[in-house]
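Structural overview for review
The lines below spell out each chain.
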Amino acid sequence: DCGQQWAIPSSLVRSTKHGVHRGMSSVTIPPPACMLRPLEVPFRYLFGPGPSNVPPRILAAGGRPIIGHMHSEMFGIMNDIKKGIQYAFQTSNNMTLAMSGSGHTAMECAVFNIVEPGESVLVAINGIWGERVAEIAERMGAKVHTLFKTPGGHFTNAEIEQALAKYKPVLFFLTHGESSAGLVHPMDGVGDICHKYNCLLLVDSVASLGAAPLLMDQQNIDILYTGSQKALNAPPGTAPVSFSERACHKMFNRKTKPVSYLLDMTHLSNYWGNDGKPERIYHHTGPVSGFFALRESLAILAEMGLENSWSHHTEIAEYLWKGLEDLGLKLFIKDKDLRLPSVTTIAIPEGYDWKELLAYIMKHHRIEFTGGLGPSVGMVLRIGLMGYNCNKANAAMVLAALEDALKQCRKSKA
Ligand code: PMP
């Protein structure tokens with residue numbers, strides 16, 4: 001109840017030489033009662049497609065006292081983050097940084113800076129993320145062309161090449177880990193084809209980074225971004241991104257300014273010390289605590305090693321997939337090699353109401369799974385075991401919760 005009656009405390013009633021006067025008489029909206037109660041946050045097992053649970057070490061890093069966003073020590077921490085991202089992305093790109101914002105911020109940053117109004121863009125849509133990028137590109141005035149598959153589908157290099165030849169885009173977008181469908185897209189050769197057609201390759205790795213192999217430089221990816229809250233296990237709110245030399249050449253030789261001031265890479269590259277200028281000039285106040293946490297999450301990945309992280313996610317995912325099949329559930333992505341190790345999709349079991357299953361599991365097991373997203377709504381249930389959450393004990397907990405829910409919610413709508 002936030003509408004509680006409110007009386008001005010007598011301590012705020014001041015007397016002046018002009019007589020008794022209500023010091024805060026201009027305030028007409030009372031402090032809401034809910035704000036006078038302590039914050040309550042329930043414990044949840046975040047076994048959906050993100051965010052994932054944040055390990056104590058990363059929480060503690062984010063809880064360190066903040067310093068100024070322009071302090072030299074902060075620039076040192078940002079330099080560390082840049083190195084951590086270069087490792088996680090496997091790139092030596094100088095133009096590597098973290099966006100102040102979620103994965104969408106990086107998505108918009110990439111499109112806004114690379115594309116000018118009227119230019120042709122090709123977007124591969126096989127789930128919600130292509131849809132989003134197509135809309136973002138359309139909003140800033142690009143000529144958007146799409147390659148389309150229903151969720152779970154993927155594109156052959158021949159299909160991609162054909163579309164590049166036809167539409168001659170300046171940018172091609174592909175999602176590496178399609179979290180709405182649970183698909184990891186093959187990347188080999190895609191970068192080479194794009195370059196053959198003088199097109200930049202933009203890849204979304206929000207759901208796959210650290211969980212499935214991806215090598216930015218070796219795979220000729222021009223722009224790669226991810227999010228903090230999935231396999232990296234940092235809180236949501238920061239988003240690593242990197243631009244190749246070719247991408248920099250295009251974005252720093254534009255005729256028009258990007259539509260967003262906040263996401264303008266001319267400013268951001270200076271903020272991150274990437275533009276070679278001796279001085280960093282204030283652009284915006286970055287999320288200092290978010291950067292501390294991101295640094296810690298990148299440190300954990302560096303300590304573990306990328307290859308170990310990839311094989312660990314695969315091993316746990318395979319254990320989960322086998323357990324799901326033993327429960328009689330059908331995995332949505334049939335081909336094992338195309339399954340995203342971080343986010344597993346299962347076909348909604350016949351005769352069940354998927355919302356009821358999710359609600360039951362949340363209520364009785366404190367576990368979050370989710371339904372589909374965008375075009376996959378009503379098709380799948382999604383289970384994510386990423387980074388810190390990715391272990392056999394959690395996979396066993398997932399299976400036990402599902403087994404229980406399948407017993408309790410059976411054909412209740414039949
Ligand atoms: N791309 C993919 C593949 C994602 O899974 C997500 C988040 N679910 C996003 C982009 C968007 O990230 P955010 O919610 O952090 O903006």
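Keep in mind the model is a prediction, meaning the values are calculated, not measured. (Residues numbered from 1 in each chain as written. Predicted model: local features only at pLDDT ≥ 70, side-chain atom pairs only at ≥ 80, totals over all residues. Heavy atoms only, no water.)

Turning next to the UniProt feature "domain: Aminotransferase class V" (unreviewed entry) in the protein. Residues annotated in UniProt with the feature "domain: Aminotransferase class V" (unreviewed entry) correspond here to residues 45–390. Across residues 45–390, the secondary structure splits into 38% helix and 16% strand, with the terminal C-alpha atoms separated by 12 Å. (UniProt positions renumbered as here; feature names shortened; annotations may be inferred. Helix = DSSP H or I, 4+ residues; strand = E, 2+ residues; numbered from the N terminus.)

Let us now look at the environment of Arg-410. Looking at the secondary structure, you find Arg-410 in the segment after α12 (392–408). Between the alpha carbons of Arg-410 and Glu-350 there is a distance of 9.5 Å; along the sequence they are 60 residues apart. Residues contacting Arg-410, with those up to four places away along its chain left out, are Tyr-352 and Ala-405. (Contact = heavy atoms within 4.5 Å.)

Around the ligand, the surrounding shell consists of Ser-102, Gly-103, His-104, Met-107, Trp-129, Gly-177, Ser-179, Asp-204, Val-206, Ala-207, Gln-229 and Lys-230. Taking His-104, its side chain carries an N or O atom lying 2.6 Å from an oxygen atom of the ligand. Protein chains bury 87% of the 390 Å² of accessible surface belonging to the ligand in isolation. If you tally residues by element for the shell around the ligand, the top one is helix α3 (residues 103–114), at three residues. The class makeup of the residues in the shell around the ligand is four nonpolar, six polar and two charged. (Near = heavy atom within 4 Å. Polar contact = N/O pair within 3.5 Å; in protein donor to acceptor, adjacent residues only side chain to side chain. Areas by Shrake-Rupley, 256 points an atom, 1.4 Å probe, with all protein chains shown as cover. Nonpolar A, V, L, I, M, F, W, Y, C, P; charged D, E, K, R; others polar.)

In this section: the sheet that holds strand β15 (residues 370–371). Strands sit in the order β13-β16-β15 across an open sheet of three strands; the sheet is antiparallel. Strand pairing shows two members of the sheet lacking a second neighbour, β13 (343–347) and β15, which therefore form its edges. In this structure, β13 lies alongside strand β16 (residues 380–384), joined through five bridges in antiparallel fashion. Following the sheet pairing, Val-343 is matched in β16 by Gly-384. On top of the sheet, helix α10 (residues 306–326) reaches β13 and β16; it is set at about 15 degrees to β13, its chief contact. (Pairing = 2+ DSSP bridges. Axes fitted to C-alpha atoms, helices over the stretch in contact; angles between N-to-C directions.)

This paragraph deals with α3. The terminal C-alpha atoms of α3, which comprises 12 residues, lie 17 Å apart, in line with the 16 Å expected from a rise of 1.5 Å per residue. All of the buried residues along α3 are Gly-103, Thr-105, Ala-106, Met-107, Cys-109, Ala-110, Val-111, Phe-112, Asn-113 and Ile-114. (Expected span 1.5 Å × (residues − 1). Buried < 20%, exposed > 50% of the residue type's maximum accessible area, 1.4 Å probe, protein only.)

So, on to the pattern of salt bridges. Throughout the structure, instances matching the rule amount to 10 salt bridges. Arg-57 is paired through a salt bridge with Glu-296; the nearest N and O atoms lie 2.8 Å apart. Of this pair, Arg-57 sits in helix α1 (residues 56–62) while Glu-296 sits in helix α9 (residues 288–304), and the two are 239 residues apart along the sequence. Since its relative accessible area comes to 35%, Arg-57 is described here as partly exposed. For Glu-135, the salt bridge goes to Arg-139, with nearest N and O atoms at 2.7 Å. Of the two residues, Glu-135 and Arg-139 both sit in helix α4 (residues 128–139), four residues apart, roughly one turn of that helix. (Salt bridge = Lys/Arg side-chain N within 4 Å of Asp/Glu carboxyl O.)

Before going further, it helps to spend a moment on the side chain of Asn-53. Residue placement: Asn-53 occurs in the loop between β3 (45–46) and α1. Judged by its relative accessible area of 12%, Asn-53 falls in the buried class. Reaching out from Asn-53, the side chain makes a polar contact with the backbone oxygen of Arg-44 at a distance of 2.9 Å. At 3.1 Å, the side chain of Asn-53 and the side chain of Asn-389 are in polar contact. When neighbours within four sequence positions are excluded, Asn-53 is seen to be in contact with Phe-43, Arg-44, Tyr-45, Leu-46, Phe-47, Asn-233, Tyr-388 and Asn-389.

Attention now goes to the sheet that holds strand β12 (residues 238–243). Pairing between the strands of a sheet is mediated by backbone hydrogen bonds and can be parallel or antiparallel. Ordered by their spatial adjacency, seven strands build an open sheet running β4-β12-β11-β10-β7-β5-β6, and the pairing between neighbours is mixed. Of all strands in the sheet, those bounded by a partner on one side alone are β4 (95–100) and β6 (143–148). Across this sheet, the average inter-strand angle for adjacent strands is 20 degrees, counted without regard to direction. Looking at chain direction, β4 and β12 are connected through six bridges and run antiparallel. Its bridge partner being in β12, Thr-96 is matched across the sheet by Ser-242. Packed on one face of the sheet, α4 meets β5 (120–125), β6, β7 (171–175), β10 (200–204) and β11 (223–225) and runs near 160 degrees to β5.

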